[in-house]
Amino acid sequence: MTTYDDRASLTDLTTTAERVRGSVEGVIEGKPEVVRLSLTVLLAEGHLLIEDVPGVGKTMLAKALARSIDCSVRRIQFTPDLLPSDITGVSIFDQQRRDFEFKPGAIFAQIVIGDEINRASPKTQSALLESMEERQVTIDGQTYELPSPFMVVATQNPVEMEGTYPLPEAQRDRFMARVSIGYPGPEAELRMLDVHGGVSPLDDLQPVAHAHEIVKLIDAVRTVHVADTVRRYAVDLVAATRSHPDLRLGASPRATLHLLRAAKASAALSGRAGPYTHLKLPTKKKGHHHSFYTTFKTNQY
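Residues numbered from 1 in each chain as written. Predicted model: local features only at pLDDT ≥ 70, side-chain atom pairs only at ≥ 80, totals over all residues. Heavy atoms only, no water.

1. Notes on the overall build of the protein
Here is the rule we go by: In DSSP terms, a helix is any run of H or I states spanning at least four residues, a strand is any run of E spanning at least two, and both are numbered starting from the N terminus. Residues are treated as being in contact if the distance between any of their heavy atoms lies within 4.5 Å. Only the protein chains shown count as cover for residues, with accessible areas throughout obtained via the Shrake-Rupley method and a probe of 1.4 Å.
What the protein contains, in helices and strands, is 12 helices and 11 strands. Of all intrachain contacts in the protein linking residues separated by at least 6 positions in sequence, the fraction that spans at least 24 positions is 79%. Summed over its atoms, the accessible surface of the protein is roughly 15300 Å², and 54% of this surface lies on carbon and sulfur atoms.

Okay, structure coming up:
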């Protein structure tokens, strides 16, 4: 049953999400579905993998989302010589204190942008596994909690083969959604020339939401009611991937949780949080590859 407090939280959610969406769309022209999916993943406490050819705005989308929220942001440029300690941090011996002092790595931020994640070695990629799943980092037997909200937005170019390391299944399974931005339409590209022709709109982008607001919105998404029939449908949908003859590896139980959480976030963004919330599955349109329900966990096969 939806209470008065739940309705108030839902109103705050849609209002704040609209501000963030408008801010990001001011930078990313003609891709409203991609922007909405990014917000869905953020509010569902997931991580986003942006996979597309070079030059379509993968890193710009990640930066625009990060700058639209008043959160701590760190960017990691993944390269073959990047070490796991560069991501997680390292303990350094302090001569004055005669003790080890922990120096946090780049992962200690609320929004972490991993640029060209498949350029790092599998050993370095594995440094993200614990942080993405458990939102913590363990160094020398000591566990350090990561801030909230916490989201990893990674990018990779699928067409580049030299100097890249394909993401292992364990790494890809931790991303809630994989999105492809695609090329802009002619009108959107013309607007892009006007907006981006002089200075980058990222330079003037100001935060339109605070970190504590996002935390409250995430809590509001958790209260969204999901009918038993929708839960059963999610389980049946994931189970079908495990028995399909064309799939080498079906979706994991983690994928089921991701699907349910993303459905709740999507419903909340649409203003639906009551006991009659339904999971609306959009149909895949020709040429579209960025809908959550069509790309979700497709990297499993």
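From this point, the narrative continues.
2. Notes on a nonpolar patch on the surface
As a reminder, the rule being used: Within the patch definition used here, like charges are joined within 9 Å and nonpolar side chains (Val, Leu, Ile, Met, Phe, Trp, Tyr) within 5 Å, considering only residues with over 30% relative accessible area and no salt bridge. We define a salt bridge as a contact between a side-chain nitrogen of Lys or Arg and a carboxyl oxygen of Asp or Glu at a distance within 4 Å. The classification of residues rests on relative accessible area computed with a 1.4 Å probe and restricted to protein chains. Under 20% of the type maximum is buried, over 50% is exposed, and intermediate values are partly exposed.
Together, Leu-190, Met-192 and Leu-193 line one region of the surface with nonpolar side chains, adding up to about 270 Å² of accessible area. Within the secondary structure, Met-192 sits in helix α8 (residues 186-196). Accessibility expressed as a relative area gives 31% for Met-192, which makes it partly exposed.

3. So, the pattern of salt bridges
Evaluated as defined, the whole model comprises 15 salt bridges. Note that Glu-169 is salt-bridged to Arg-172, the shortest N-O span being 2.5 Å. Remark: Arg-172 and Glu-169 occur in helix α7 (residues 169-172); sequence separation between them is three residues, near one turn of the helix. Judged by relative accessible area, which is 19%, Arg-172 ranks as buried.

4. Some words on the packing of helix α2 (residues 32-43) against helix α11 (residues 253-269)
Stated precisely, the cut-off is as follows: Lines fitted to C-alpha atoms define the axes, with helix axes restricted to the stretch in contact, and inter-axis angles between N-to-C directions lie between 0 and 180 degrees. The labels follow the angle: roughly parallel below 35 degrees, roughly antiparallel above 145, roughly perpendicular from 65 to 115, and oblique for the rest. Note on convention: near helix rotated counterclockwise from far helix by under a right angle means a left-handed crossing. Clockwise means right-handed. The nonpolar class holds Ala, Val, Leu, Ile, Met, Phe, Trp, Tyr, Cys and Pro. Asp, Glu, Lys and Arg form the charged class, and all remaining residues, Gly among them, are polar.
The interhelical angle for the contact between α2 and α11, taken along N-to-C directions, is 120 degrees, at an axis separation of 8 Å. With respect to α11, the axis of α2 lies oblique. Once α2 is placed against α11, the crossing between them reads as right-handed. Facing α2, whose interface residues are Arg-36, Leu-39, Thr-40 and Leu-43, α11 presents Ala-262, Ala-265, Ser-266 and Leu-269. Its residues assigned to classes, the contact of α2 with α11 shows five nonpolar, two polar and one charged.

5. Focus: α2
This is how the line gets drawn: Expected helix span is computed as 1.5 Å times (number of residues minus one).
With 12 residues, α2 extends 17 Å from end C-alpha to end C-alpha; this agrees with the ideal 16 Å at 1.5 Å per step. With nine of its 12 residues buried, α2 lies for the most part within the structure. Two residues or fewer past α2, Glu-45 is found with a positive phi of approximately 60 degrees.

6. A look at the packing of helix α10 (residues 228-243) against α11
At their nearest, the axes of α10 and α11 sit 10 Å apart, and the two run at 140 degrees to each other. In terms of orientation, α10 lies oblique with respect to α11. The chirality of how α10 crosses α11 is right-handed. Side by side, α10 and α11 meet where Arg-231, Ala-234, Val-235, Leu-237, Val-238 and Arg-242 of the first sit next to Pro-253, Thr-256, Leu-259 and Leu-260 of the second. Along the lines of polarity and charge, the residues of the contact of α10 with α11 split into seven nonpolar, one polar and two charged.

7. Topic: the nonpolar core
Rules: As used here, the term nonpolar core means buried Ala, Val, Leu, Ile, Met, Phe, Trp, Tyr and Cys residues forming a set that is joined through side-chain atoms within 4.5 Å.
Judged by nonpolar contacts, the single largest core of 49 residues is most densely connected at Leu-13, Val-24, Leu-43, Leu-48 and Met-151. Sort the elements by how many residues they give to this core and α2 lands first, with seven residues. When neighbours within four sequence positions are excluded, Met-151 is seen to be in contact with Ser-38, Val-41, Leu-42, Gly-46, His-47, Leu-48, Leu-65, Gln-110, Ile-111 and Val-112.

8. Overview of the pairing of strand β9 (residues 151-156)
Basically, it comes down to this: Two strands form a pair only when DSSP identifies at least two bridges running between them.
Extensive coverage of β9 is indicated by the burial of six of its six residues. For strand β1 (residues 48-51) and β9, the ladder comprises four bridges, and the chain directions are parallel. When the sheet's bridge partners are listed, Leu-48 is paired in β9 with Val-153. Note: strand β6 (residues 111-115) against β9, four bridges, orientation parallel. Looking across to β9, one finds that Val-112 is bridged to Val-152.

9. A few points about helix α3 (residues 58-67)
The element α3 is extensively covered by neighbouring structure, given that seven of its 10 residues are classed as buried. When we look at burial in α3, the residues that qualify are Lys-58, Thr-59, Leu-61, Ala-62, Ala-64, Leu-65 and Ala-66.

10. Concerning the packing of aromatic side chains
Here is the rule: Aromatic contacts are taken between Phe, Tyr and Trp rings whose centres are within 6.5 Å, Trp giving its six-membered ring; a plane angle under 30 degrees counts as stacked, one over 60 as edge-to-face, and the others as tilted.
On inspection of all chains with the given rule, the structure shows four aromatic pairs. For the pair Phe-108 and Tyr-144, a centre-to-centre distance of 6.5 Å together with 80 degrees between the ring planes defines the contact as edge-to-face. Here Phe-108, found in the loop between β5 (99-104) and β6, pairs with Tyr-144, found in strand β8 (residues 142-145); they are 36 residues apart in sequence, far enough to count as distant. Assessed through its relative accessible area of 23%, Tyr-144 is described here as partly exposed. Following the ring pairs from residue to residue traces out a cluster consisting of Phe-102, Phe-108 and Tyr-144.

Remember, this is a structural readout, not a statement about activity or role.
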